[in-house]
Amino acid sequence: MKKSYPDQYYQFFSKFNQGEYYECHDLLEEIWMEDKSNKFLQGLLQLAVGIYHFECGNIKGARFMFANAAKYLSRYSPRYWDLDVEQVLGYLGECLAVLPPVDRIPYQEAKSIPFPYRLLRLEEQTDE
């Protein structure tokens, strides 16, 4: 299979699905820094950072990241770089919906909130 995108993009999905959200940030930041006009990558990066903030109890940071991710990714809906962006936008809405109306909570309390973890998958389109 021929890779159509940078290696870090594929690695992002592997790390995301393993729950390694901080590593996701590092992977996409490498390629986003080369082209800061790519709001798609910035949106995915902020999705991962939002989950990381949530897990640490930084609800204000999570809310900010999820909202920005939705704003950036909505420009690429319904599909971009073999990702169902519409589905990711729905997921971001689910993430925002579970956040308590506070700025910060203890780490243990964050662990007790039923967060809607999801796997992200690429769906490569074939030319037929």
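Refer to the structure above for everything that follows.
Residues numbered from 1 in each chain as written. Predicted model: local features only at pLDDT ≥ 70, side-chain atom pairs only at ≥ 80, totals over all residues. Heavy atoms only, no water.

1. With respect to helix H1 (residues 7–17)
Here's step 1: Taken together, the buried positions of H1 are occupied by Gln8, Tyr9, Tyr10, Phe12, Phe13 and Phe16.
Here's step 2: In the core, the buried residues of H1 are packed alongside helix H2 (21–32), helix H3 (39–56), strand S1 (79–80), strand S2 (83–84) and helix H5 (85–98).
Here's step 3: Residue Gly19 follows H1 closely and has a positive phi angle near 80°. (Buried < 20%, exposed > 50% of the residue type's maximum accessible area, 1.4 Å probe, protein only. Helix = DSSP H or I, 4+ residues; strand = E, 2+ residues; numbered from the N terminus. Contact = heavy atoms within 4.5 Å.)

2. Quick look at the nonpolar core
Here's step 1: Core analysis: the biggest nonpolar cluster contains 41 residues, and Tyr9, Phe12, Phe16, Phe40, Leu44, Leu47 and Phe66 have the highest contact counts within it.
Here's step 2: Of all the secondary structure elements, the ones that give two or more residues to this core are H1, H2, H3, helix H4 (59–74) and H5.
Here's step 3: It is H3 that contributes the most residues to this core, nine residues altogether.
Here's step 4: Among all residues touching Phe66, those that are not within four sequence positions of it are Leu47, Gly50, Ile51, Leu92, Cys95, Leu96, Leu99 and Phe115. (Core = buried A, V, L, I, M, F, W, Y, C linked by side-chain atoms within 4.5 Å.)

3. Section: H3
Here's step 1: The end-to-end C-alpha distance of H3 is 25 Å, a good match for the 26 Å that 18 residues give at a rise of 1.5 Å each.
Here's step 2: Within H3, 13 of the 18 residues are buried, which leaves the element mostly enclosed by the surrounding structure.
Here's step 3: At the N-terminal end of H3, a side-chain oxygen is found 3.1 Å from the backbone nitrogen of Phe40, two or three residues along, and the residue is Asn38.
Here's step 4: Directly after H3, the chain includes Gly57, whose backbone phi takes a positive value near 90°. (Expected span 1.5 Å × (residues − 1). Polar contact = N/O pair within 3.5 Å; in protein donor to acceptor, adjacent residues only side chain to side chain.)

4. What about the packing of H3 against H5?
Here's step 1: The interhelical angle for the contact between H3 and H5, taken along N-to-C directions, is 30°, at an axis separation of 12 Å. Judged on the interaxial angle alone, H5 and H3 are roughly parallel. As H3 runs across H5, the sense of the crossing is left-handed. Seen from H3, the contacting residues are Phe40, Leu47 and Ile51; seen from H5, they are Val85, Val88, Tyr91 and Leu92.
Here's step 2: Of the residues in the contact of H3 with H5, the class split is seven nonpolar, no polar and no charged. (Axes fitted to C-alpha atoms, helices over the stretch in contact; angles between N-to-C directions. Parallel < 35°, antiparallel > 145°, perpendicular 65-115°, else oblique. Left-handed = near helix turned anticlockwise from the far one by under 90°. Nonpolar A, V, L, I, M, F, W, Y, C, P; charged D, E, K, R; others polar.)

5. What about the packing of aromatic side chains?
Here's step 1: A complete count under the given rule lists 20 aromatic pairs for this structure.
Here's step 2: When the centroid spacing of 6.1 Å and the interplanar angle of 40° are considered together, the rings of Tyr5 and Tyr10 count as tilted. Of the two residues examined, Tyr5 and Tyr10, each falls in the buried class.
Here's step 3: On the numbers, 5.1 Å between centres and 90° between planes, the contact of Phe12 with Phe13 is edge-to-face. In this structure, Phe12 and Phe13 share a single accessibility class: buried. (Phe/Tyr/Trp six-rings, centres within 6.5 Å; stacked < 30°, edge-to-face > 60°.)

6. Looking at the side chain of Asn38
Here's step 1: Note on placement: Asn38 falls in the loop between H2 and H3.
Here's step 2: Assessed through its relative accessible area of 9%, Asn38 is described here as buried.
Here's step 3: Discounting chain neighbours no more than four positions away, the residues touching Asn38 are Trp32, Tyr76 and Trp81.

Structural measurements only, silent on function.
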